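One letter stands for each residue in the lines below.
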Amino acid sequence: MIYSLWCLELKAYIKYNFISENKNPTTMSGRVAADAEMKDSDIWSLPSARHNTDELPYVHKVGKPPKQDLLKEIKTALKETFLSDDPLKPFKDQPKKRKLVLGFQTLFPILEWGRDYSFSKFKGDLIAGCTIASLCIPQDIGYAKLANLDAQYGLYSSFVPPLIYAFMGSSRDIAIGPVAVVSLLLGTLLRQELDPVTQKHDYERLAFTATFFAGVTQFTLGFFRLGFLVDFLSHAAIVGFMGGAAVTIALQQLKGLFGIKDFTKKTDIISVMRSVVQAAPHGWNWQTLVIGVSFLTFLIVAKFIGKKNKKLFWVPAIAPLISVIIATFFVFITHADKDGVQIVRHIKQGVNESSAHEIFFNGPFLAKGFKIGVIAGLIALTEAVAIGRTFASMKDYQIDGNKEMVALGSMNIVGSLTSCYVATGSFSRSAVNYMAGCNTAVSNIVMSIIVLLTLLVITPLFKYTPNAILASIIISAVIGLIDLDAAILLWKIDKFDFVACMGAFFGVIFASVEIGLLIAVGISFAKILLQVTRPRTAVLGKIPRTSVYRNVEQYPGATRVPGVLIIRVDSAIYFSNSNYVKERILRWLSDEEEMFKGQPRVEYLIVDMSPVTDIDTSGIHALEELYNSLQKRDVQLILTNPGQIVLDKLHTSNLADLIGEDKIFLTVADAVLTFAPKMEQA
């Protein structure tokens, strides 16, 4: 009983002395904790009645931070930039032999997961590999034509690169080979330098050169752990670019779908449609049109069936190969090629030839191959990493982006030496691979073996394959790249992202692939610059019956503090935005004085620096100029909750002394409690 009474007395004392709203304000943020502390003997001697005391609420002192080690700061910054995932951690405290083993496992992940490989896993990989092979063979032939290369080069690119990736890649689900967007991009850029018909040999050499430098670019980014550079191409820009490229690719296939012989070499929608319309009176071939439209309908229906019923994933996967077999047989028995139906005619039989001697390592085409390779390599890298991360998240495992880049770069370097052009992860094939139940990258090995057998045995059978069926396969494949749901979501979430998406989309379809890519990159950087140079600021008010201060626009019920203006800066303060931040704060002050003329004038300007992660010399000067401007207006500048780095620079520059250490607080509530205590009654 006595203990209970004592507890009640103690609670009453604490409530009165520490929570009471009728306290006198403190005059400094540096009140020591001892002012609010009580000794045990004092507690025991408390009378039961409340005392009229002058004790003030505790306001924590914001002191000078410990001096930071410059070398340690640089080391930490470099580690977070290049080694954030701490890749050397497994090697620590390991014997040399173990480090060697770990090194090989890092370079070749197959050595790690291969130890636990079993026959049950192989069954899944075998089925998945056969399924994606049936999809990739007709696609590869069509994609090679997009790149203005002979059909066998598409098959080559689904033989060697997947084998290399299977040993070096960390994704279990990604399926490697040529893809539509990269094929079109490569073909467009190469054709600007050389004609694929009259300068065929040099065109192929330039393609191998571009592939080599695409691989070098990817390998370099991964080896030096510069993968974060790829993230500068925003998701919105990629959605728009992919959608525009899909439309452009589909339009390009109208040549094969309608059997048009004289077709424009331009890729923009106006030139393509003009070419189609002009060829309508005499250039269309009705047999070709019937074949193309019929099988395109079949492929779209098959894709719809697979989408509706996940168990029937194999239907859209084998539909392209079935279409090729049926269409080829139909043309062969009807001799439709003699009636104007364009056919593949010849695919070179046999495995890849060495192309190491074909690469331009000097001469005028070296720089051109390097430029084209860098562009194609970055696009291929972006697509592959995005696909790999998507399927890794679905199966709840992690992939190392930098390892992926090394693997992709290595396979394209080796591919360039073996008559391949740029290969990367294919979304359609990876989706089929995933749904077919693949367990490891062995599915890529199975696919490669089947492609090898195709090159050795089956290629002569593709002689009568009509171009219309290849066009149908490509159109049905690229339809999935047009992501309307993503575009609608961009509109709902961020209008600027939607503008970036549409800019890239219309740039591709109305100009060219490279113009669309340039617009995509330009808009992505513009968004970054806009956010950096024009950071958000907000006026804060007090949430009733709390000590919390929030944006008055977000919380209309938040009340402003009479005589005090509270501003929050939602960004680091650098040379690029320091002047804007200073002027924006002064505009807030002018607007406040004009809006509330009949109320007490603003005497204190509180700047909440919680979101300010860093500040440079220009930012320090901007705060100094802000302080001087406020002094002329007889307004006191108060800072709250600056981070360690910011606070250290405030003290180093002596700005803290200029403002006054007693005007730097831990929280906005402490600052208001000190300089506007009547608001604590709100």
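Model, not experiment: these values are computed from the prediction. (Residues numbered from 1 in each chain as written. Predicted model: local features only at pLDDT ≥ 70, side-chain atom pairs only at ≥ 80, totals over all residues. Heavy atoms only, no water.)

### Here's the deal with the overall build of the protein chain
- The helix and strand inventory of the protein chain stands at 28 helices and 8 strands.
- A globule of 682 residues ought to have a C-alpha radius of gyration of about 26 Å, yet the protein chain, at 34 Å, is considerably larger.
- Along the first, second and third principal axes, the C-alpha set of the protein chain runs to 110 × 65 × 55 Å.
- Within the span of the protein chain, comprising 682 residues, buried residues form 51% of the whole.
- If you take every contact in the protein chain between residues at least 6 apart in sequence, the share linking residues at least 24 apart comes to 81%.
- Carbon and sulfur atoms provide 62% of the accessible area of the protein chain, an area that totals close to 33,400 Å². (Helix = DSSP H or I, 4+ residues; strand = E, 2+ residues; numbered from the N terminus. Rg over C-alpha atoms; globule rule 2.2 N^0.38 Å. Buried < 20%, exposed > 50% of the residue type's maximum accessible area, 1.4 Å probe, protein only. Contact = heavy atoms within 4.5 Å. Areas by Shrake-Rupley, 256 points an atom, 1.4 Å probe, with all protein chains shown as cover.)

### A look at the nonpolar core
- Core analysis: the largest hydrophobic core is formed by 86 residues, its most contacted members being V181, L186, F241, I249, I379 and V451.
- Look past the residues within four positions of L186 in its chain and what remains in contact with it is A210, I372, A376, Y421 and V422.
- By size, the runner-up hydrophobic cluster in this structure holds 34 residues, among which are V539, W588, I620 and I664. (Core = buried A, V, L, I, M, F, W, Y, C linked by side-chain atoms within 4.5 Å.)

### Some remarks on the packing of aromatic side chains
- Under the defined criterion, the tally for this structure stands at 19 aromatic pairs.
- A centroid spacing of 5.1 Å and a plane angle of 75° characterise the contact between W491 and F498, whose relative ring orientation is edge-to-face.
- Site record: aromatic cluster; members linked through ring pairs are F212, F213, F361 and F370.
- K495 extends its terminal NZ or CZ atom over the ring of W491, reaching a point 4.8 Å from the ring centre.
- Its guanidinium or amino end placed over the ring of W588, R584 lies 4.2 Å from that ring's centre, counting from NZ or CZ. (Phe/Tyr/Trp six-rings, centres within 6.5 Å; stacked < 30°, edge-to-face > 60°. Lys NZ or Arg CZ within 6 Å of the ring centre and 35° of its normal.)

### A look at the pattern of salt bridges
- In the structure shown here, the tally under the stated rule is 14 salt bridges.
- The closest approach of N and O atoms between K649 and D614, which form a salt bridge, is 2.9 Å. Of the two residues, K649 is situated in helix α26 (residues 644-652) and D614 in the loop between β6 (604-608) and α25 (617-632); the sequence distance between them amounts to 35 residues.
- In this structure K649 comes out as partly exposed when scored by relative accessible area, which is 30%.
- Salt bridges sharing partners connect three or more residues here, namely E193, K368 and K371. (Salt bridge = Lys/Arg side-chain N within 4 Å of Asp/Glu carboxyl O.)

### Quick notes on the state of the cysteines
- Taken as a whole, this structure holds 0 disulfides when the rule is applied.
- With no disulfide of its own, C420 has C136 as its nearest cysteine by sulfur position, at a separation of 13 Å.
- Looking at the unpaired C438, the closest cysteine sulfur is the one in C130, lying at 13 Å. (Disulfide = S-S within 2.5 Å.)

### Notes on the side chain of E404
- Considering the arrangement of structural elements, one finds E404 in helix α17 (residues 401-416).
- The buried charged residue E404 lacks any salt bridge partner; its closest oppositely charged side chain belongs to R389, at an N-O distance of 8.6 Å.
- Separated by 2.6 Å, the side chains of E404 and Y165 make a polar contact.
- If we ignore the near neighbours within four places in the chain, the residues touching E404 are Y165, G169, S170, S171 and I399. (Lys, Arg positive; Asp, Glu negative; His and termini not counted. Polar contact = N/O pair within 3.5 Å; in protein donor to acceptor, adjacent residues only side chain to side chain.)

### Some remarks on helix α22 (residues 495-510)
- Here α22 contains 16 residues, and its C-alpha end-to-end distance of 22 Å stays within 8% of the 22 Å for a straight helix at 1.5 Å per residue.
- Taken as a whole, α22 has its buried residues at D497, F498, A500, C501, A504, F505, G507, V508 and I509.
- Looking at the buried positions of α22, the neighbouring elements they touch are α11 (235-252), α13 (269-279), α21 (484-493) and α23 (513-533).
- If you check the start of α22, you find a side-chain oxygen 2.9 Å away from the backbone N of F496, and it comes from D494. (Expected span 1.5 Å × (residues − 1).)

### Topic: the pairing of strand β5 (residues 564-569)
- Along β5, 6 of the 6 residues are buried, which leaves the element largely enclosed by surrounding structure.
- Going residue by residue along β5, you find V564, I566 and R568 tucked away on one face and L565, I567 and V569 tucked away on the opposite face as well.
- Across 5 bridges, the pairing between β5 and β6 is parallel. In the strand pairing of β6, I567 is matched with V607.
- As a crossover connection, the stretch from β5 through helix α24 (residues 578-595) into β6 is right-handed. (Pairing = 2+ DSSP bridges. Right-handed = clockwise from strand over helix to strand, strands pointing away.)

### Some thoughts on the sheet that holds β6
- Pairing within the open sheet is mixed, and its 6 strands lie in the order β4-β3-β5-β6-β7-β8. Edge positions in the sheet fall to β4 (549-551) and β8 (664-665), since each of these pairs with one other strand and no more.

### Section: the UniProt feature "domain: STAS" (unreviewed entry) in the protein chain
- Listed under "domain: STAS" (unreviewed entry) in the UniProt record, and renumbered for this structure, are residues 554-675.
- In the segment residues 554-675, helix accounts for 46% and strand for 15%; the C-alpha atoms at its two ends are 25 Å apart. (UniProt positions renumbered as here; feature names shortened; annotations may be inferred.)

### Let's talk about the side chain of Q139
- Within the element layout of this structure, Q139 appears in helix α6 (residues 119-146).
- With relative accessibility at 2%, the residue Q139 sits in the buried group.
- Look past the residues within four positions of Q139 in its chain and what remains in contact with it is S428, R429, I473 and A477.

### Some thoughts on the pairing of strand β7 (residues 636-640)
- Most of β7 is tucked away, with 4 of its 5 residues classed as buried.
- Here 5 bridges tie β6 to β7, and the two strands are oriented parallel to one another. Residue pairing for β7: Y604 is matched across the bridge by Q636.
- Crossover β6 to β7 through α25 is right-handed.
- Direction of pairing for β7 relative to β8: parallel, over a ladder of 2 bridges. Bridging from a neighbouring strand, L639 pairs with I664 of β8.

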